[in-house]
Amino acid sequence: MHALSSTYARIRELKCEWVPVSDMSDAIRKRSGRADVIDGEAVAEQVRAEVADAVEQLEAAGVTPGLATVLMSDDPASETYVRMKQRDCAEVGIESRHVEIDTDAPQAELFDRIDELNAEDAIDGILIQRPLTESVDEPAALRRVDPEKDVDGFHPENVGRLVTGDPRFVPCTPLGIQRLLLEADVEIPGSDVVIVGRSELVGKPLANLLLLRGKGGDATVTVCHSKTDDLASHIGRADVVVVAAGVPELVTDEMLTPGTVVIDVGINAVGEGDDRELIGDVAYEAAAETVDAITPVPGGVGPMTRAMLLRNTVVSAARKADIELDFD
Ligand code: NAD
């Protein structure tokens, strides 16, 4: 057994023994002020344990899942994100491969390396770390990835499949948000979900995911954005509010009503030096006095995004090898 797989086997033994969603919600919802805090770290740990289990199922069939990360940028934050993803892979037994390309190299070099990864059997998922250096046509680079290895779900073919109700890979942040809602026992079908933000990364794919038919879908979705008139009136009538605007504390407690579940996707660095901290798009302290449940920043959506990348990678490996996983 992989050393870290055994660690996860222990985690499962201790606390993640295929807990039904209704029981799980007590573990991930912690009472604070008036609202329950939806603990993204706890759910992400559960997802990683499931992934480690899936890796064992794949290993038993002679398959080692592999994720390639591609970096063509000098951005220190991107370098950190890539390192974190490699560490996440190692923890659950996924092989990771890192490809780094000089920022002054021609675009063709990036495309050649993507082509090589597309052709390589040991690679099940390819992640292009964005933003790419300015000289590169980023949409063209994302289109270059084999849609069957596009674990980020950004290839137009995968976007189209999600929109038309036949998803293959769903982007990791929306997938993580849906899982948080399910684990927190939120009844998604029929609920009024207001999403603030219409990005290709979060807002739009989340809207499409929650519109799919079935347990994690069938919601009534409104997508608000920077040109929305009277944001507060939309937020005020929602059962679930998801905020992904990248504007610190855009949503205040005056906009929110009791009974609402709030998912804060925003990550904003504010302050300088020792006062520097990460805050969300929701004014957390006051909102937690008003709503029913809320995700913290950090420790809410962020860990789920990372965990869902691992999940998409093992799902890809299983699909390629025609192996049915327990959780898929
Ligand atoms: P983006 O800049 O691509 O999109 C922001 C969206 O917010 C736009 O659609 C814009 O119309 C809308 N918006 C901006 N100001 C608004 C306002 N005043 N009122 C209403 N709508 C407004 O951003 P993104 O990539 O979707 O990311 C959003 C935030 O989520 C950022 O803080 C980002 O760092 C964070 N993020 C977090 C995770 C995670 O895993 N936790 C993942 C992705 C993004």
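See the structure shown above.
Given the structure is predicted, the values throughout are model-derived calculations rather than measurements. (Residues numbered from 1 in each chain as written. Predicted model: local features only at pLDDT ≥ 70, side-chain atom pairs only at ≥ 80, totals over all residues.)

A. Layout of the pairing of strand β3 (residues 66–71). A large share of β3 lies buried, amounting to 6 of its 6 residues. Each parallel crossover has a hand, and the one from β3 via helix α4 (residues 76–92) to strand β4 (residues 95–100) is right-handed. Pairing geometry for β3 and strand β5 (residues 125–128), over 4 bridges, is parallel. Among the inter-strand pairings, Leu-67 is bridged to a residue of β5, identified as Gly-125. (Buried ≥ 20, exposed ≤ 12 C-beta atoms within 10 Å, placed from the backbone. Helix = DSSP H or I, 4+ residues; strand = E, 2+ residues; numbered from the N terminus. Right-handed = clockwise from strand over helix to strand, strands pointing away. Pairing = 2+ DSSP bridges.)

B. Just the nonpolar core, in detail. If you look at the biggest cluster of nonpolar residues, it comprises 90 residues, and the most contacted ones within it are Val-241, Val-242, Val-243, Ile-294 and Val-314. At 10 residues, the largest contribution of residues to this core is made by helix α12 (residues 301–321). Split by domain, this core shows at least three residues from each of two domains, domain 1 (60–154) and domain 2 (170–304). Once you skip the residues sitting within four places of it in the chain, Val-241 turns out to touch Val-194, Ile-235, Val-251, Leu-256, Thr-260 and Val-262. (Core = buried A, V, L, I, M, F, W, Y, C linked by C-beta atoms within 7 Å. Domains from an automatic or database assignment. Contact = placed C-beta atoms within 7 Å.)

C. Geometry of unusual backbone geometry. In this chain, Arg-130 is followed by Pro-131 through a cis amide linkage whose omega measures 0°. Residue Pro-298 is bonded to the preceding Val-297 through a cis peptide linkage, with omega at -5°. For Pro-298, the position within the fold is in the loop between β12 (293–294) and α12. For Asp-185, which is not glycine, the phi torsion reads 65° and is therefore positive. Structurally, Asp-185 is set in the loop between α8 (172–183) and β6 (192–196).

D. Molecular detail of the site of the ligand. Among the 25 residues in the neighbourhood of the ligand, the closest are listed as Gly-197, Ser-199, His-225, Gly-246 and Thr-305. The element that contributes the greatest number of residues to the shell around the ligand is α12, accounting for 3 residues. Classifying every residue of the shell around the ligand by side-chain character gives 12 nonpolar, 12 polar and 1 charged. (Near = placed C-beta within 6 Å. Nonpolar A, V, L, I, M, F, W, Y, C, P; charged D, E, K, R; others polar.)

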